[in-house]
Amino acid sequence: KRETSELGAKMAEISPVTLGLHWPGGDKSEQKIIPIFEEPDANLGFCPIPSLASLEERIKFCCEASGSKLDIDHLQNILREKESPICFVPIELTKRMKFSQGFMKVMLANKLIQAGCVVKFWLNDWVEHLGHKFQRNSDETRSCGMYFIEMWKACGVVVGNTQFLWSSEEIKKRQAHYDELVFSATKTRISDIEQCYDYELYSASDIFSSCMRVIDASFVNADICLIPKSQEELFSLGVGSKSPLLLVEPQLGVLSSGARMFHNLWDKDLYMEDYPIEIRRKIKRAYCPPKDIRNPVLDYVRYIIFGFRSEFLVRRGTQYGGDIIYTTYSNLETDFQREDLHPYDLKLAVFNEINDIIMPIQKHFQSQPRAKNLYSQMRKIRQVR
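Just so you know, these numbers come straight off a predicted model, no measurement behind them.

Chemist: Explain the overall build of the protein to me, using residue names and the numbers behind them.
Modeler: Broken down by element type, the protein carries 16 helices and 10 strands. Put simply, the protein has 385 residues, and 45% of those count as buried. Once local pairs closer than 6 in sequence are excluded, the contacts in the protein between residues at least 24 apart make up 68%. When the accessible area of the protein is evaluated, it comes to approximately 21000 Å², of which 51% is carbon and sulfur surface.

In C-alpha cells form, the structure reads like this:
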C-alpha cells in the first residue's frame, strides 16, 4: 500500500517508447510501466460449432469453395468421419493484400465453415524470413500478420470456427514432432521441387521454404488444404502418413492479361487498400474484348460477385436496352458472348459491386483505432525499399 501511494503521488507520464504509463523516479527500480496497447488474442472468439447441414449440403459447400474438380469419394469419407474436419489455409505474408488474399479468401473460408470445417489460417512468418521479404526485423512480419488478421475479420470471417496460427509459435510448441517431419521432407528430391515452380530456384532458402510448406499441412493434422493454384503441385508432394484433400482456390485472372500490358505492376491486380479511383482505373483498363469470355473482368463476376450475391445488376441507358439483372453467371456469359452485353457496361457494373464490397472494410480501417494504427504501420513498411 505504501509503495502504491508513493507512486500515485507522482505525476504519471506516457512513455514515447512503450506507449505505457510511466512514473519517473530517482531509482530505476521504482519505475513502473503499464502497457496501453497490447497485441490482443486473435483467437479469443474461437469456439468451433459443428454444421447442422446434411452430408449432401456439406459436400455442396465444399464444391462451391473449389475452383477445380474435387475427389468426391475422398471428401465424403472426410465429412462422414469428422463433424469438424480441419481445413489448413497457408498464408503468404505480403506488404499489400490482394483482393484474392482478402475478401475472396474469407468468402471461401466461410463456405467451408458452413460445411462444418475448422479453418486454420497458417501465417508463415518463418518462411517469410527465409525469403527475405521483410528486411528490417521480425516486427515488420508480425505487424503484417496482425494487419492480415484484422483485414479478414473486417471482411466478415466467422471467428468461432476460425483459428489464426503463427508458424514460429506453433513449431516451438511441438519442436520434436516438427523435426521428425523435417527429416521426412529431406527425402524429397530437388528435381521434384523444381518442377513445382515456373521459375528457377536460385537460393537455398527457396528449397528450405518449399520443404517447410510441404510439411505444414501434416504438422497441423489437416484433413483439407485450401491452396492457390500455384501451390497445387508442391502440396501434392505431401509428407506424412496422412494425405489431405487438396482444394484449389478459384484463380482470378490478371487484369493486364492479353495483348495490352501495364507498365505499373500494381495495376495487374486489385488490392484491399485500393481507393475507388484506383479500382475504377484498373477495371477500366482491364483486358475485356467483346465475345471473349476468357477475361479477368468476368472472373471477378463469376467468383466474387456471384459468390457473394445472388443477383448482379448492370445499369444501362434505355437506348442500349435498359437495366438488366442477372441471377446466374451462365446467362451473363451467354449475353456477353452474343454481344448483347457491352464490355463498358460490364466493367462499370463490376466496379460498382467491388466498390460496395470494399468500402465498408476500408471505413473500418479509417474509424477503428487499432485497425487505423495497423494500416499506418503497413504504409510505413511499404515505403521502405
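After that view, the rundown keeps rolling.
Chemist: I'd like a rundown of the sheet that holds strand β8 (residues 245–248), residues and numbers included.
Modeler: One key point about sheets: their strands pair by backbone hydrogen bonds, in either a parallel or an antiparallel sense. Pairing in this open sheet of five strands is parallel, and the strands run β6-β5-β4-β7-β8 from one edge to the other. Two strands in the sheet have a free side with no partner beyond their single neighbour: β6 (162–166) and β8. Within this sheet the neighbouring strands show an average axis-to-axis angle of 25°, counted without direction. The pairing of strand β4 (residues 86–91) with strand β5 (residues 118–123) spans six bridges and is classified as parallel. Opposite Val 89, over in β5, you have Phe 121 as the bridge partner. Across the sheet, helix α4 (residues 103–114) is in contact with β4, β5, β6, β7 (224–227) and β8; its angle to β5 comes to roughly 145°.

Chemist: Account for unusual backbone geometry, with residues named and values stated.
Modeler: Residue Asn 221 is not a glycine yet carries a positive backbone phi of 60°. Mapped onto the secondary structure, Asn 221 falls in the loop between α10 (204–219) and β7. The phi dihedral of Lys 291 is positive, around 75°, even though this residue is not glycine. Mapped onto the fold, Lys 291 is located in the loop between α12 (276–284) and α13 (296–308).

Chemist: Go over the pairing of β5, please, and point to the residues and values.
Modeler: For β5, the tally of buried residues reaches six of six residues, placing the bulk of the element in the interior. Burial along β5 is two-sided: Val 118, Lys 120 and Trp 122 and Val 119, Phe 121 and Leu 123, pointing in opposite directions, are all buried. Running through α4, the crossover from β4 to the neighbouring parallel element β5 is right-handed. Of the strand pairs in this sheet, β5 and β6 are connected by five bridges, and their pairing is parallel. Across the sheet, Leu 123 pairs through a bridge with Trp 166, a residue of β6.

Chemist: Now, about the packing of helix α15 (residues 343–367) against helix α16 (residues 369–383): what can you tell me, with residues and values included?
Modeler: Relative orientation of the contacting elements α15 and α16 amounts to 95°, with a least axis distance of 5 Å. Relative to α16, the element α15 lies roughly perpendicular. Contacts between α15 and α16 involve His 364, Phe 365, Gln 366 and Ser 367 from the first element and Pro 369, Ala 371, Lys 372 and Tyr 375 from the second. Among the residues making up the contact of α15 with α16, the classes are represented as four nonpolar, three polar and one charged.

Chemist: How would you summarise the environment of Phe 351 if you had to cite specific residues and measurements?
Modeler: Within the secondary structure, Phe 351 sits in helix α15. The class of Phe 351 is buried, set by a relative accessible area of 9%. Contact partners of Phe 351, with chain neighbours within four places excluded, come to Pro 276, Ile 279, Arg 280 and Ile 283.

Chemist: Go over the nonpolar core with me, naming the residues and quoting the values.
Modeler: As a rule of thumb, nonpolar side chains are buried together in soluble globular proteins. If you look at the biggest cluster of nonpolar residues, it comprises 79 residues, and the most contacted ones within it are Phe 99, Trp 152, Ile 304, Phe 312, Leu 346 and Val 350. When residues no more than four places from it in sequence are discounted, the contact partners of Leu 346 are Cys 288, Val 297, Leu 298, Val 301, Phe 312, Leu 332, Phe 336 and Leu 341. Membership of the second largest hydrophobic core comes to 17 residues, among which are Trp 122, Leu 181, Ala 217 and Phe 235.

Chemist: Go over the packing of aromatic side chains, please, and point to the residues and values.
Modeler: This model, assessed by the stated rule, comprises 13 aromatic pairs. Both rings, one in Phe 88 and one in Trp 122, keep their centres 6.0 Å apart while their planes meet at 50°; by these two values the pair is tilted. In this pair, Phe 88 sits in strand β4 while Trp 122 sits in strand β5, placing the two residues 34 residues apart along the sequence. Judged by its relative accessible area of 0%, Trp 122 falls in the buried class. On the numbers, 5.9 Å between centres and 40° between planes, the contact of Phe 99 with Phe 103 is tilted.

Chemist: Could you give an account of the pairing of β7, with specific residues and numbers?
Modeler: Each regular strand displays side chains that alternate between the two surfaces of the sheet. Neither face of β7 is open: one carries Ile 224 and Leu 226, the other Cys 225 and Ile 227, and all of them are buried. Judged from the two bridges that link them, β4 and β7 form a sheet pairing that is parallel. Within β7, the position partnered with Cys 87 by the bridge is Ile 224.

Chemist: I'd like to hear about helix α14 (residues 329–337), residue by residue, with values.
Modeler: Residues of α14 that are buried include every one of Tyr 329, Leu 332, Asp 335 and Phe 336, and no others. Each buried residue of α14 sits inside an arc of 125° when the element is viewed along its axis, so together they form one side. Buried-residue contacts for α14 involve α13, β9 (312–314), β10 (324–326) and α15. The positive-phi residue at the C-terminal boundary of α14 is Glu 339, with phi of around 70°.

Parameters at a glance
- Residues numbered from 1 in each chain as written.
- Predicted model: local features only at pLDDT ≥ 70, side-chain atom pairs only at ≥ 80, totals over all residues.
- Heavy atoms only, no water.
- Helix = DSSP H or I, 4+ residues; strand = E, 2+ residues; numbered from the N terminus.
- Buried < 20%, exposed > 50% of the residue type's maximum accessible area, 1.4 Å probe, protein only.
- Contact = heavy atoms within 4.5 Å.
- Areas by Shrake-Rupley, 256 points an atom, 1.4 Å probe, with all protein chains shown as cover.
- Pairing = 2+ DSSP bridges.
- Axes fitted to C-alpha atoms, helices over the stretch in contact; angles between N-to-C directions.
- Right-handed = clockwise from strand over helix to strand, strands pointing away.
- Parallel < 35°, antiparallel > 145°, perpendicular 65-115°, else oblique.
- Nonpolar A, V, L, I, M, F, W, Y, C, P; charged D, E, K, R; others polar.
- Core = buried A, V, L, I, M, F, W, Y, C linked by side-chain atoms within 4.5 Å.
- Phe/Tyr/Trp six-rings, centres within 6.5 Å; stacked < 30°, edge-to-face > 60°.
- Arc of directions from axis to C-beta.

Honestly, it's all geometry; don't read function into it.
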